[in-house]
Each structure stands twice: as structure tokens, then as C-alpha cells.
Amino acid sequence: MKAKRVKEILDKAFISVKEREIANKVLENKRITPEEGVFLFEEADLSLLSLLAIFVKEKNNGKNVFYNKNIHIEPTNICVYNCKFCSFKRRFGDEDAWDYSIEEMLELAQKYKDTDITEVHITGGVHPHYNLLNYCTLIKKLKNILPNVHVKAFTAVEIDFMSKKARLSNEEGLKRLKNCGLDSLPGGGAEIFDPEIRQQVCDEKSTGRLWLDIHKTAHNIGLPSNATILYGHIETYKHRIDHLSKIRELQDETGGFNAFIPLKFRNKGNKLSHIPEIPIIEDMRNFAVTRIFLDNIPHLKAYWVMLGKKYAQMSLAYGVDDLDGTIDDSTKIYSMAGVEEDSPRMTASEMVEIIKNANFIPVERDSVYNEINNQ
Ligand code: V47
Ligand code: SF4
């Protein structure tokens, strides 16, 4: 939607002076302040947010909505940390714990040898016995089996742990993984940067500052990455805007983030289960404000596995331009946290249908958003 059309609609709308002021800034491609971001969360009309978010989305990506063909490998759910929101972590000896050997993970990759997947996403628990050398071997051998896939692997928290264990700086650890074939970092582990809230939900693992430093280092050595926020638990809107501001600042410096992925807190089977999940309308508000605030990040992703297919489709009306991948039932993080989609898998044609039915243009992409032309 063009600025002129949005202005025409707004001219007839009953909105406050402050809403109009912010809307004008957005339409003139001016950056909004953190205070204005908090105001949008607290007070703005949801239909205004949708209109502005669609404006920003279409300025970046037109009518395109992206998806990719990928699988996840979750090497283990054994983890040295105890994040309170986590439903995935297990201890040695738990009956539903797993820790795959390299051979077992490569066997899984073999199944995809003659398919057209373009990405393997690898993240899991921080296993005390796995190390950087094992993971380097995994990536190298994986690329022998699937030479054309992009390997997006290891959250900053995993990178921090394996680099420390190998007595390497994070920069050296990242360089070694890159030399073995690592192509980019996923956005996990960011959770919420505010130190007080972080301390209450995941006090043991890498700090928010360290997460940002690791992504900055990755960008500086030529590894792009994604960023996430875990929202809808005990944080306030101010904490969300503080988190987004830090991502926006780093992106100004490096330009290395491809996509931002808001992750809704799901409350089954974890230590925060007493906190009710936020209403879906709040998720839509979150997508829209995020799209408007992060003016320098090209893509906003709704991870459909976490949100469910119907709500992921709805998010396209609130600034989302990417639905992530086909997954092929290869992730357990979210089914363990209470998401309805028990066996997350979506065919490419289902993905295309969902996008077309929302009046957008489906585009298959690779991991760095080059269009894949299947015609
Ligand atoms: O860091 C854990 C989150 C993340 C819960 O970069 C939870 O393309 C909600 O980051 N409720 C890992 N969220 C997943 C992740 C990701 C997923 C898909 C694509 C990409 C990408 C990244 O999952 C963790 C944490 O923030 N998480 N438990 C929960 N109960
Ligand atoms: Fe471990 Fe990640 Fe779960 Fe935290 S969120 S306990 S780091 S698996």
C-alpha cells in the first residue's frame, strides 16, 4: 500500500493527535522513538497498526511473502541450563531425553539426499559433553551428504558454551565453525535482554550483552543471522521496546540481521506454566509494532510452528512477510511447549495456498532471501 493511499484512509479516520503524528512519521520513512513504540503498544488502535505495518512490509517486500524448504536437526534435549520457560530441556536418564550421535544425525540427513530442501537448521540443548570439534565434524559431513544446503546452526548461547569449552574466544569459535561450513546463525537464545527480567526467566545462560556481541562478531566475519524475542511472559511493553531498540542499534552498525522472529511464550510443561498465554490479538499487535519499529530489518518472520497455521496466516495482515519453512516434522521444541500442531510439517503447496488465500504472492526463498525460481 502506497503512502498516499494510507494518508487518504487516515484523513477520514478518528485517531488521536499522537497516533496521527506517529503515522505521519512512518509514512515519511522517519524512525519512531522508543517512547513512541511504547505508546503504540499501549494505546494505538489495532487497525491503525495493521495499516502502518502493511505499509512498511510492502515498502520492503511488495506483496511477496517468503517461505523456504528446510528441516531442523535437534541434536539433543539435554541441557546444562534451566530456563524457566523451557519445556524441552531434559536431564541424563530421563526417559524422553535424547542425545544423538553424529552418525544418527547424518542418517537423518541422508533421508533428504534427493529432495529439494535448501536449509538445515540445527539447534538444541547445551549438552555438557558435545564440543566444537564434534559440531565441526557434523557440519562438514552433513555438507558431503547435502552439498547445496545452507547450514543455519547454533544459537549464540550454544556458540558461547562450545567456544569457552574449547578455550577459544567467540570470534575464534565462530571462525572455526565457518571454516567447517557454517553459513549463518539462527536467532534463538535472545529471549529478553532486560537484565532484571532475564534474571527471572533464564538467570544462568549468556547475558543479553553477550548475545549481542556474538551476533556482532558473526556479522563482522561474514556470517549473517536472525534475531528473536521471547514475549508474553513477565515482561512489559517497555522491556519489549528496549529489546527491539538494541537489535535496531546493532543492525545500524552491522546490517547483518536478515529477519526478526517474535516467539510467543507457550506455557505447557515448564516452570512458568502458571502464566496464561496472551490472547492472539496481542500477538498481532506485537507483530505490527515490531514491523513499524524495526525499520532497518528487511524481514519479519512468523514461525508458523509456534503460532499455528491459521494465526500465522492472520499475521500477514500485521506486517509479517515470511512464514519460515516446511520443517517436515523435524522439531519438537514447540510440541513439547503445548502447540496444537503435534507433527509440524507443511507441504510447499500448502504454504503457497495459505499465502495466496491471504492475497499475497508466495515466493520460495533460500536462507538469505534470494528468490528460488521453480518454474
Ligand atoms: O531461544 C523455548 C524459544 C527459541 C519456549 O532463526 C520458547 O530462523 C515459546 O530461536 N515458548 C529457539 N518459545 C527457537 C528459535 C528459532 C525458531 C525458528 C526459526 C529460527 C530462526 C529460530 O525457542 C529459544 C526460546 O526463545 N522457546 N521455550 C516456550 N515455552
Ligand atoms: Fe537449555 Fe535452551 Fe531450554 Fe534454556 S531454552 S534450558 S538453553 S534448551
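Residues numbered from 1 in each chain as written. Chains lettered and ligands numbered in written order. Predicted model: local features only at pLDDT ≥ 70, side-chain atom pairs only at ≥ 80, totals over all residues. Heavy atoms only, no water.

Examining the domain arrangement of the protein chain
So the rule is basically this: Where each domain starts and ends comes from a domain assignment, either automatic or drawn from a database. Here, residues are in contact when the closest pair of their heavy atoms is within 4.5 Å. Buried area: the sum, over both parts, of the accessible surface (1.4 Å probe) that disappears when the two are put together.
When the domains of the protein chain are assigned, the result is domain 1 (3–58) and domain 2 (64–374). Here domain 1 and domain 2 have C-alpha centroids that lie 29 Å from each other. On the side of domain 2, 27 residues touch domain 1, which itself brings 20 residues to the contact. Across the domain 1/domain 2 interface, buried area totals approximately 2000 Å², and carbon plus sulfur atoms make up 71% of it.

A look at the sheet that holds strand β7 (residues 299–300)
Sheets are built from strands that pair by backbone hydrogen bonding, the pairs being arranged parallel or antiparallel. Put simply, the rule is: Here the rule is simple: two strands pair whenever DSSP picks up at least two bridges between them. Under the DSSP-based scheme used, a helix requires at least four consecutive residues in state H or I and a strand at least two consecutive residues in state E, with every element numbered from the N terminus. Axis lines are fitted through C-alpha atoms, for helices just across the contact stretch, and the angle between N-to-C directions can take any value from 0 to 180 degrees.
Spatially, the three strands line up as an open sheet ordered β5-β6-β7, and their pairing is parallel. Each end of this open sheet is capped by a strand with a single partner; those strands are β5 (225–231) and β7. Here helix α11 (residues 237–254) sits on the sheet in contact with β5 and β6 (257–264), set at roughly 170° to β6. Relative to β6, helix α12 (residues 280–293) is tilted by about 160°, and along the sheet it contacts β5, β6 and β7.

Side note on the site of ligand 1
The line we're drawing: Any residue with a non-hydrogen atom lying within 4 Å of a molecule or strand is treated as near it. Any pair of nitrogen or oxygen atoms within 3.5 Å is treated as a polar contact; in protein, a donor-acceptor pairing is required on top of that, and neighbouring residues in sequence qualify only through side-chain atoms on both sides. Surface exposure here means Shrake-Rupley accessible area, sampled with a 1.4 Å probe, where a residue is shielded only by the protein chains that are shown. Only Asp, Glu, Lys and Arg are considered charged in this grouping, and only Ala, Val, Leu, Ile, Met, Phe, Trp, Tyr, Cys and Pro are considered nonpolar; every other residue, Gly among them, is considered polar.
Taken together, 23 residues lie near ligand 1, and K152, G187, G189, E191 and K301 sit nearest. Here E191 contributes a side-chain N or O atom positioned 2.4 Å from an oxygen atom of ligand 1. Relative to its unbound accessible surface of 620 Å², ligand 1 loses 94% to contact with the protein. Only β5 and β6 provide two or more residues apiece to the shell around ligand 1. A breakdown of the residues in the shell around ligand 1 according to their chemical character gives nine nonpolar, eight polar and six charged.

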